[in-house]
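The residues making up each chain are set out below.
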Amino acid sequence: MIRYTLNCDKGHTFESWFANSAAYDKQAKRALIACPVCNSAKVEKAIMAPRLGRSETADEPPAPTPAPAPAAPSPVAMMSPVEHELRKKLKELREHIVKNADYVGPRFSEQARKIHYGEVEHRSIYGEATPEEAEELHEEGIAFAPLPVLPDEFN
């Protein structure tokens, strides 16, 4: 197990445990790690100083080890066969969108407006939007939906 200190794009700092560094990389790449304060999936590892071995002197007590931050509870569920089928359909929807739509990244709101107002030809797009941008799009009557993200561990 490895513990990383993480920062979200809103400036919150939190810690999380992973089986190994590859597990962190896989989850981060798929945006499966979320800030427990604001739920942002844009997280990255904080700069960490290596722990170097040194001898303690008799006059200097060892530095206290900080207590680990309590892990934020995660939503969990026991699913029926019907719910497993719905989960499968959500996964298929995501795969279809990623395969067939244009990724516009953080320019999603801008591109969605251009499409909605006829400034560019209509096409399917996906990307990221802040909660504020999503609210503005909704208020303008621009149709969009969250893109489902599901972990693969429990197919």
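Going along each chain's sequence as written, the residues are numbered from 1 onward. Reporting of local features is limited, given that this is a predicted model, to residues whose pLDDT is at least 70; pairs of side-chain atoms are given and counted only at 80 or more, and all residues count toward the totals for whole chains, interfaces and linings. To obtain the side-chain values, all non-hydrogen atoms of the structure were used and water was disregarded.

## Looking at the packing of helix α3 (residues 108-116) against helix α4 (residues 131-139)
- Here the axes come from fitting lines to C-alpha atoms, over the contacting stretch only for helices, and the angles between their N-to-C directions go from 0 to 180 degrees. For the purposes of this entry, the term helix denotes a DSSP run of H or I that reaches at least four residues, the term strand denotes a run of E that reaches at least two, and both are numbered from the N terminus. α4 packs onto α3 with a crossing angle of 10° between their chain directions and a minimal axis gap of 10 Å. In terms of orientation, α3 and α4 fall into the roughly parallel class. In contact with F108, S109, A112 and R113 of α3, α4 contributes E133, E136 and L137.
- Residues were grouped as follows: Ala, Val, Leu, Ile, Met, Phe, Trp, Tyr, Cys and Pro as nonpolar; Asp, Glu, Lys and Arg as charged; and all remaining residues, including Gly, as polar. Across the contact of α3 with α4, the residue classes break down as 3 nonpolar, 1 polar and 3 charged. For classification, angles of less than 35 degrees are called roughly parallel, those exceeding 145 degrees roughly antiparallel, those between 65 and 115 degrees roughly perpendicular, and all remaining angles oblique. Throughout, a contact is declared for two residues whenever any of their heavy atoms are within 4.5 Å.

## Structural notes on the pairing of strand β4 (residues 102-105)
- Only strands that DSSP links by at least two bridges are regarded as paired with each other. Here β4 runs beside strand β5 (residues 125-127); their pairing, made up of 3 bridges, is parallel. Bridged to D102 within β5 is I125.
- The parallel pair β4 and β5, bridged by α3, forms a crossover whose chirality is right-handed. A crossover gets the label right-handed when its path from the first strand over the helix to the second runs clockwise, viewed with the strands pointing away from the viewer.

## Side note on the sheet that holds strand β1 (residues 2-8)
- Here 3 strands make up an open sheet; going across it, the order is β2-β1-β3 and the pairing antiparallel. Lying at the two open borders of the sheet, with one neighbouring strand each, are β2 (13-18) and β3 (43-45). Taken over all neighbouring pairs, the strand axes of this sheet differ in orientation by 40° on average, direction set aside.

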